[in-house]
Amino acid sequence: MKILVTGATGLIGKALLPHLNHDEITIISRDPTRAYQLLGHHINALDSLQSLPNLNQFDVVINLAGEPIMDKRWSEQQKRIIEDSRWNITQQLVDKIQASDTPPHTFISGSAVGIYGDQHDRTIDETFIIEPNNTDFSQQVCYRWEQIALEAQSDQTRVCLLRTGIVLAKQGGALAKMLLPYQFGLGGPIGDGQQYFPWIQLQDMVRGILFLINHNETQGPYNFTAPNPVTNRVFSTTLAATLHRPHLLFTPAWVLKFALGESSQLLLDGQRALPNKLQAAGFNFTFPCIEQALKQTLGD
């Protein structure tokens, strides 16, 4: 197949591309030279979508682009960067799909479980009715992101939305940021630790995307979260045990709010999100439980 990928140099993109070696891959990167260094010269790297009048030549589009949401404090400027990095490129892709006579048959576009807002211990799946909250920035970002992507849906193009949880990988993402304090025995739960922590192991993330590509009947939103979500306290205890470190400390909510400002909600809010739709379609998780997932991830 001919596949167009945005966000290919990110955590998920770098893990996904080796599995597409038998396909013809084009990526969009602001720095094609760096992309070739990271991903190899078997791909075709473009610095923008402007050189493509339409997407007639592609079978599949995978949209993983987006400014990391936790890397910087949420100033008003940073919020605009986060929004624009998701909304603008998604809109460009949609416009080019709509301008195509023979558009891609599959458009897979990123989202996150943040679209559900803080749901405490309520169990939720893809049938959950989302009520947008004007005070929840991450929910607003995801909601608009999905609405834009769904404009590409037609008789010729199916749209799949990746409502992704915390992706567990040693080489990047949230887990990589957590490791250092835990390795020094300074890890512990955040706030009261009762907020649910929707997670997915990187290998299952990649396998899930490949599953959607290869199953033409799939469309709409999919929770990319393991079938056994745990609370932050259970995750924290399991991570410390996996690293054979003590688990004595905790981070009060007020400390996080002071240090991170509004973005602290990403750590203090929770979603007990289940991948019911993905499993009903026939997908089986390699790492359904947190103990096994952390052992594999940290042993890689």
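Residues numbered from 1 in each chain as written. Predicted model: local features only at pLDDT ≥ 70, side-chain atom pairs only at ≥ 80, totals over all residues. Heavy atoms only, no water.

A closer look at the UniProt feature "domain: DUF1731" (unreviewed entry) in the protein chain
For clarity, the threshold we go by: UniProt positions are given in the numbering used here, feature names are shortened, and annotations may be inferred rather than shown by experiment. By definition, any uninterrupted DSSP run of H or I lasting at least four residues is a helix, any uninterrupted run of E lasting at least two residues is a strand, and each is numbered from the N terminus.
Feature annotation in UniProt assigns "domain: DUF1731" (unreviewed entry) to the following positions: residues 251-296. Counting secondary structure, residues 251-296 comes out at 52% helix and 4% strand; the distance between its end C-alpha atoms is 26 Å.

Some remarks on the side chain of N232
This is how it is decided: Here's how the labels work: a residue is buried when its accessible area is under 20% of the maximum for its type, exposed when over 50%, partly exposed in between, all with a 1.4 Å probe on protein chains only. Any pair of residues with heavy atoms lying within 4.5 Å of one another is described as a contacting pair.
Structurally, N232 is set in helix α7 (residues 232-242). Using a relative accessible area of 7% as the deciding quantity, one classes N232 as buried. Those residues in contact with N232, other than ones at most four positions away along the chain, are P189, I190, G193, Q195 and F197.

Overview of the pairing of strand β7 (residues 158-164)
To be explicit about the condition: Two strands pair under a simple rule: DSSP has to find at least two bridges between them.
Most of β7 sits inside the fold, with 7 of its 7 residues counted as buried. The side-chain alternation of β7 yields two buried faces, one formed by R158, C160, L162 and T164 and the other by V159, L161 and R163. When strand β5 (residues 106-112) meets β7, the two strands line up parallel, connected through 7 bridges. If you follow S109 over to β7, its bridge partner there is L161.

Brief notes about the UniProt feature "domain: NAD-dependent epimerase/dehydratase" (unreviewed entry) in the protein chain
Residues annotated in UniProt with the feature "domain: NAD-dependent epimerase/dehydratase" (unreviewed entry) correspond here to residues 3-223. End C-alpha atoms of residues 3-223 are separated by 23 Å, and the span's content is 34% helix alongside 20% strand.

Concerning the packing of helix α5 (residues 173-183) against α7
Between two packed helices, both the angle of their axes relative to each other and the distance between the axes serve to describe the pair. We apply this condition: Axis lines are fitted to C-alpha atoms, over the contacting stretch for helices. Their N-to-C directions set the angle, which ranges from 0 to 180 degrees. In a left-handed crossing the near helix is turned counterclockwise from the far helix by less than a right angle, and in a right-handed crossing that turn is clockwise. Gly is placed with the polar residues, together with every amino acid not listed as nonpolar (Ala, Val, Leu, Ile, Met, Phe, Trp, Tyr, Cys and Pro) or charged (Asp, Glu, Lys and Arg).
The N-to-C vectors of α5 and α7 enclose an angle of 65°; their axes lie 11 Å apart at closest approach. Like other packed secondary-structure pairs, α5 and α7 cross with a definite hand, here right-handed. Mapping the contact onto sequence places L175, M178, L179 and Y182 in α5 and F235, S236, L239 and A240 in α7. Of the residues that constitute the contact of α5 with α7, the class distribution is 7 nonpolar, 1 polar and no charged.

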